[in-house]
Amino acid sequence: MSGFLGAAYDWVKAAHLIFVIFWMAGLFMLPRYLVYHQEAVTAGNVAEAANWVEREGKIRHIILTPAMIVVWVLGIALALNLGLADGAQGLGWLHLKLLLVFLLTGYHGWTVGYAKKLAAGKPTLTGKQLRMLNEIPALAVTLIVVLVIVKPF
């Protein structure tokens, strides 16, 4: 099945990268929204907390989740095109990249779940913890870019 994209490969890769950028933008924004939302909940500012619930819902439904779905669909096509399912050699970098993308997908799910906790007025983390967790996408995408460009193994 490898090479089935033919001349469309570069277009699929470009679209994949565009939607990765959209997904990462959402993964950078939503955790920051959670920090502000939590501060509103902690301060007892019900009106402000309600505004953050609305904002978080919009970013999830308009940017974050649709972009993630497109990233996965196009990424799977690209991986299959490279021969992942055929047992092609030299794709160790791709295996690690896929693991990191799975972890980012889990992080995505966690942020959505935590947003729902905040919407229910039940924060379980401190602002400092949320700010630290906000760095996860930056670290993951840095590793992913190095893997894709350098292909170290």
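One can find the structure itself at the top, above this paragraph.
So, here is what we can say about the structure in this document.

What counts and what doesn't
- Residues numbered from 1 in each chain as written.
- Predicted model: local features only at pLDDT ≥ 70, side-chain atom pairs only at ≥ 80, totals over all residues.
- Heavy atoms only, no water.
- Helix = DSSP H or I, 4+ residues; strand = E, 2+ residues; numbered from the N terminus.
- Buried < 20%, exposed > 50% of the residue type's maximum accessible area, 1.4 Å probe, protein only.
- Contact = heavy atoms within 4.5 Å.
- Areas by Shrake-Rupley, 256 points an atom, 1.4 Å probe, with all protein chains shown as cover.
- Patch = residues over 30% accessible without salt bridge, like charges linked within 9 Å, V, L, I, M, F, W, Y side chains within 5 Å.
- Salt bridge = Lys/Arg side-chain N within 4 Å of Asp/Glu carboxyl O.
- Expected span 1.5 Å × (residues − 1).
- Arc of directions from axis to C-beta.

On to the overall build of the chain. Secondary structure assignment for the chain yields five helices and zero strands. For the chain, the succession of helices and strands along the chain, N to C, is α-α-α-α-α. Based on the C-alpha atoms only, the size of the chain along its principal axes is roughly 55 × 25 × 20 Å. When each of the 153 residues of the chain is scored for burial, the buried share is 35%. The contacts in the chain between residues at least 6 apart in sequence include a share of 77% that link residues at least 24 apart. A total of about 8500 Å² of accessible surface is found on the chain, and carbon and sulfur atoms cover 72% of it.

Notably, lysine 151 is not glycine yet its phi reads approximately 45°, a positive angle. Within the secondary structure, lysine 151 is located in the segment after helix 5 (136-150).

With that out of the way, let us pick up a nonpolar patch on the surface. A contiguous nonpolar surface patch, about 570 Å² in accessible area, is contributed by Leu17, Ile18, Ile21, Phe22, Ile62 and Ile63. Among the secondary structure elements, those contributing two or more residues to the nonpolar patch are helix 1 (9-42) and helix 2 (46-82). The element contributing the most residues to the nonpolar patch is helix 1, with four residues. Mapping phenylalanine 22 onto the fold places it in helix 1. The class for phenylalanine 22 is partly exposed, based on a relative accessible area of 41%.

The terminal C-alpha atoms of helix 5, which comprises 15 residues, lie 21 Å apart, in line with the 21 Å expected from a rise of 1.5 Å per residue. Along helix 5, the residues classified as buried are Pro137, Ala140, Ile144 and Leu147. Take helix 5 and look down its axis: the buried residues cluster within an arc of 95°, on one side only. In this structure, helix 5 carries Leu139, Ile149 and Val150 as exposed residues pointing more than 90 degrees from its buried face. Along its buried surface, helix 5 packs onto helix 1, helix 3 (92-119) and helix 4 (127-133). A positive phi of about 45° marks lysine 151, the residue just after helix 5.

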